[in-house]
Structure formats: structure tokens, C-alpha cells
Amino acid sequence: MQATQPAFFKQGPKPLTRLLIFSTLSIALMVGDAQLQMLGRVREQVAIVLYPLQWLATTPFAALHSTRDFLTVQTDLIAENRKLNDQLLAAQAKALRMDGLAAENAQLRALDYRRTKAPSQLAEILYSGRDPFSAKLIVDRGDNQGVQAGQIAIDTQGVVGQVVRTQAMTSEIRLITDRNHMVPVMTQRSQVRTVIYGRGAGQLLEVRYLAPNADIKPGDLLVTSGLDGTYPSGLPVAVVVSVERVAGASFPRILCRPAAGIDTHRFLLILDPPPAGPAYPAPAAANASAS
Amino acid sequence: MPVTSHLLRPVRPSLIILTLICALLFNLLPWQLIGNHFAPDFVALMLLYWTLNQPRRVGVGWAFVLGVCMDVADGNLLGQHALAYSVITYLVLSRQRQLNIFPYWQQATAVLGLMVFAQLLMAAVRLIAGADLPAISYFLGPLLTAFLWVPVSNLLLAYQRKPVSESL
């Protein structure tokens, strides 16, 4: 009967038969998988067949994910970098302040050392004079602290200037670089006595009217001679920078750099006035006192 | 397909295989990104569609094979999907002539029932195997699948509805 049936009607086993076959197979698979754990190989084979599909399905999402991760990492890194930069700046500012404090401390110690040798008082620079034609500093010591006009201001390296005017709480210091400010000096090496002149704020100092054959050369240290009775002797004032001996001129042109850090520090030492010397002889012709 | 005046082109076997592979691909998409339970079961959807429309080509055998594939892909108990797919495919086949002429929305309700039945079958299998009872959201997937029935059926029929050239 089956053999005579046309091929068109051949549909194989009935659906119910198929269902029974395949559900039995399914249950067999389940039992084999759950109870006997003997279907690892079957699973592996099917997984190999499925792998391309799995790859195809997950790759775009994985790529999207990794891209997002990449971008997130970028922004995170940028933010972190910015934060670290800020921290670095803050730390650097702190370190700079530390450096400044250390330098200031060193200077104060040096000033203190000087102070033990000569009676003096410490003054802090408030501001520099605004007048562009004169080199002046304003410090925070005045009449109330016993500062008088004529006192000498020094720092750790040398003479800075002279007190020219005092107020109650402040006083003006005329720097040695001020125009035509004079300091009686002598060279430390050859003991040539002379006077050094200021040439204006920020300029080098000049030694004028020295004989062409005077024993002076670049590198010589000029110290106060103490002849005027105002500047104590032996304070460094300037270092000779250049000596030009011009054939036609009567005097050599000698330029010097101030030994003190004129424009640098915050603290100065104002020396107490020296004990008054003996009175000048009555017919004094010309004294070399610096103003 | 529901009763229609359209003349339909015959379906090529390659189309059936292609759609089933695509369904497998869709099921393998990383649905866990939006929540595992919301994933519609595209494989079951396509199986039901082809069983309903091409009962002589697609049947319980295909359901079994695809079920085994799904089991391996999901890392489930081997045979769980195979059993469920086989059973719902059989149910469709047994009422195929009746279901086939229903309008789409009625077919969709039938699909919903079949899908829920499949989920229940799988849940039962897992319970017997010793798993816990799943949450109620487990049955959201069948709902989505049923919603997809109408657009997917129309989409696939659109291919068959292409006008046949005059020369034929």
C-alpha cells in the first residue's frame, strides 16, 4: 500500500510520531546532561558550529563597549591629568614659598650675625621710592625706634645706603646707587683711598678723579674707609667691574658694581650712629664727609 | 497566511534557512544589556511562522535541532529548548489548517499561548532538574514575541507577495 502511494503524498512519519521521537530524544538529552554528565562532547561540537553566529552577534556590541571604555578612559585620564597638574602647581607654589622662606631665614641669620658685631636694628623694606629720579627705599623703622638721619643701612654683603629722612614709624634710605651719592672708600687690596659716586637707580657706581696710575683693576673690592666718621670702616661697598684708561682724558673711567644686593632683599640692618668723634678743627677747609 | 486574494510566490528553502539562521543570530545578541527576560525568542517565532506557513518543509525535526542549538548557546540544560520547541511545533502542526486562515491578531494570541506554554514547559524541566521557580518577568519574553508576530509575518509575506513577472 505504501509503495503504491504517489511521492507527492509522502510526508514521512506523522507529526505525533515525530513529536514522540524528538521529545524522547530531548528527554534523553536532558537526562544524559543533568544526571550522567556525558554530553560534554555533543555540547562542544554544537558550540563550534554556533561560534561564528555568536561571534557575529556579540562583536559589534563588544566593539561598542570597548570604544565606550576607550573614550571613558580618555576623559578620565584627561580629568586626572588636569587634577594632577593643579596639585603640582599648588605643590610648586608651596615649594617656592619654602625656598623663599629658607633664603629669608638665611639672610636673617646672617644679619643677626652682623648685628652681634655692631649695634644696629633690623628694618624691613616697606616699598621702594616711586620717584624715578632717585633711588630710595622706605623701611619700617623711624623716629620711634631711634633711627636718625645719617645712619647707615647694610645687608649681609655690604653697604646699601644711608638714612636721609625719618618719620615717626618709617624712614627713607638713600641707596648708594642714587645719583651723586658719595661714599668714601678704599680698595681692599692696595688701600687706595677715594670716593665712589652713585649714577642713578639701577646703574653701576663710578669712581671719579682717580689718578691714571692709581693701583686699581677689575675685581678689586672697595670697602668703606671710615674717614668721614659716618660710615664705619671696612664695610664692603662695591666691586670694580671695569677700568678704562682713555688717552685723552685726565682720569680713568672706573665702573663698579655694588657689593650689596641693592634691589634684592626684604630686610636691612640700620647701624647705630658711631660715637661722636672729636670736634672738627675750627678752620676746617673741606671735609670729605659724605652727605 | 490568512485568507487573501494575493497570489503568493513559492518560498525558496534558502530563505527558510536564512531566516532561521538570522533568528538564531538575533537570539545570540547580548540581550543581557537590557535585561535577560525581555528578550523575545526569535527562533521560536520563526519556527512557528514556518511551521504554520510551510508545514511540509519545517516541522518537529527542525524544532529539535534549533532547540539543541539554543540550549548550547544559552548554556542551558541540553534538551530543554529542544523539548519545548518540539512540543509547540507539534501543537501548531496539529491545528495548522485552522490557525493558518486566522487573521494575524488571532494568530498572535495563539503564538502568545504557545510561547507561554513553552516557557512553562522549560520552567517545569528546570524545576525537576532542581532550579528555583523563575520570576514573573520570565513570561515577558513571550509577550514581546507575540507582539512581534504581526510585523514579522507581514514582512516575510511581503517577499512572497512580490508580483510575478508577466513572462511566467
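Now for a quick tour of the structure.

The rules behind these values
Residues numbered from 1 in each chain as written. Chains lettered and ligands numbered in written order. Predicted model: local features only at pLDDT ≥ 70, side-chain atom pairs only at ≥ 80, totals over all residues. Heavy atoms only, no water. Helix = DSSP H or I, 4+ residues; strand = E, 2+ residues; numbered from the N terminus. Buried < 20%, exposed > 50% of the residue type's maximum accessible area, 1.4 Å probe, protein only. Pairing = 2+ DSSP bridges. Contact = heavy atoms within 4.5 Å. Salt bridge = Lys/Arg side-chain N within 4 Å of Asp/Glu carboxyl O. Polar contact = N/O pair within 3.5 Å; in protein donor to acceptor, adjacent residues only side chain to side chain. Axes fitted to C-alpha atoms, helices over the stretch in contact; angles between N-to-C directions. Left-handed = near helix turned anticlockwise from the far one by under 90°. Nonpolar A, V, L, I, M, F, W, Y, C, P; charged D, E, K, R; others polar. Expected span 1.5 Å × (residues − 1). Parallel < 35°, antiparallel > 145°, perpendicular 65-115°, else oblique. Core = buried A, V, L, I, M, F, W, Y, C linked by side-chain atoms within 4.5 Å. Patch = residues over 30% accessible without salt bridge, like charges linked within 9 Å, V, L, I, M, F, W, Y side chains within 5 Å. Areas by Shrake-Rupley, 256 points an atom, 1.4 Å probe, with all protein chains shown as cover.

What follows concerns the environment of Pro134(B). Residue and element names in this part refer to chain B. Its location among the elements puts Pro134 in the loop between helix H6 (104-129) and helix H7 (140-160). The class for Pro134 is partly exposed, based on a relative accessible area of 30%. On a C-alpha basis, the gap between Pro134 and Leu120 in space is 9.9 Å, while along the polypeptide they are 14 residues apart.

Let us now look at the pairing of strand E2 (residues 136-139) of chain A. Residues and elements named next belong to chain A. Direction of pairing for strand E1 (residues 120-128) relative to E2: antiparallel, over a ladder of 3 bridges. By the bridge assignment for E2, Ser128 is matched with Leu137. When E2 meets strand E5 (residues 171-175), the two strands line up antiparallel, connected through 4 bridges. The partner of Ile138 across the bridge, within E5, is Glu172.

The next point concerns the interface of chain B and chain A. Contacts between chain B and chain A engage 29 residues on the former and 29 residues on the latter. Linking chain B with chain A are 0 salt bridges. For the interface between chain B and chain A, the tally reads 3 residue pairs in polar contact (both at pLDDT 80 or more). Mapped by element, the contributors of at least two residues to the side of chain B that touches chain A are helix H1 (13-28), helix H3 (60-74) and helix H4 (80-94) of chain B.

A word on the packing of H4(B) against H6(B). Residue and element names in this part refer to chain B. Relative orientation of the contacting elements H4 and H6 amounts to 145 degrees, with a least axis distance of 9 Å. Note that H4 runs across H6; the crossing there is right-handed. Contact with H4, carried on its side by Gln80, His81, Leu83, Ala84, Val87, Ile88, Leu91 and Val92, involves Leu114, Phe117, Ala118, Leu121, Met122, Val125 and Arg126 of H6 and no other residues of that element. Broken down by class, the residue content of the contact of H4 with H6 amounts to 12 nonpolar, 2 polar and 1 charged.

This part takes up H3(B). Residues and elements named next belong to chain B. Its 15 residues give H3 an end-to-end C-alpha distance of 21 Å, which sits within 8% of 21 Å, the value for a rise of 1.5 Å per residue. Most of H3 is tucked away, with 12 of its 15 residues classed as buried. Every buried residue belonging to H3 is among Val60, Gly61, Ala63, Phe64, Leu66, Gly67, Val68, Cys69, Met70, Asp71, Val72 and Ala73, and all of these are buried. Phi turns positive one or two residues past the end of H3, at Gly75, with a value near 70 degrees.

Moving on to the packing of helix H1 (residues 15-36) of chain A against H3(B). Look at H1(A) against H3(B): their axes get within 9 Å of each other, and the N-to-C directions meet at 20 degrees. Here H1(A) lies roughly parallel to H3(B), going by the angle between them. When you trace H1(A) past H3(B), the crossing you get is right-handed. Here Pro15(A), Arg18(A), Leu19(A), Phe22(A), Leu25(A), Ser26(A) and Leu29(A) of H1(A) come into contact with H3(B), specifically with Val60(B), Gly61(B), Phe64(B) and Val68(B). The residue makeup of the contact of H1(A) with H3(B), split by class, is 8 nonpolar, 2 polar and 1 charged.

Turning to the sheet that holds strand E4 (residues 159-166) of chain A, a few remarks are in order. All names here are of chain A. Spatially, 6 strands are ordered E1-E2-E5-E4-E3-E12 in a closed barrel, and the strand pairing comes out antiparallel. Taken pair by pair, the neighbouring strands of this sheet meet at an average axis angle of 45 degrees, ignoring direction. Taken together, the 5 bridges between E4 and E5 define a ladder with antiparallel strand orientation. Note on E5: the bridge partner recorded for Gly161 is Leu175.

Moving on to the nonpolar core. Trp50(B) and Trp149(B) are the most contacted members of the largest nonpolar core, which totals 64 residues. Breaking this core down by element, the ones donating at least two residues are H1 and helix H2 (40-117) of chain A together with H1, helix H2 (42-53), H3, H4, H6 and H7 of chain B. The contact partners of Trp50(B), leaving out residues within four places of it in the chain, are Val11(B), Leu15(B), Ile16(B), Thr19(B), Leu20(B), Pro55(B), Val58(B) and Leu156(B). Formed by 41 residues, the second largest nonpolar core is a distinct cluster that contains Leu137(A), Leu222(A), Tyr231(A) and Val243(A).

A separate point is a nonpolar patch on the surface. Residues and elements named next belong to chain A. A cluster of nonpolar side chains, contributed by Ile27, Val31, Leu36 and Met38, occupies part of the molecular surface with about 380 Å² of accessible area. Structurally, the position occupied by Met38 is in the loop between H1 and H2. Judged by relative accessible area, Met38 falls into the exposed class, the value being 55%.

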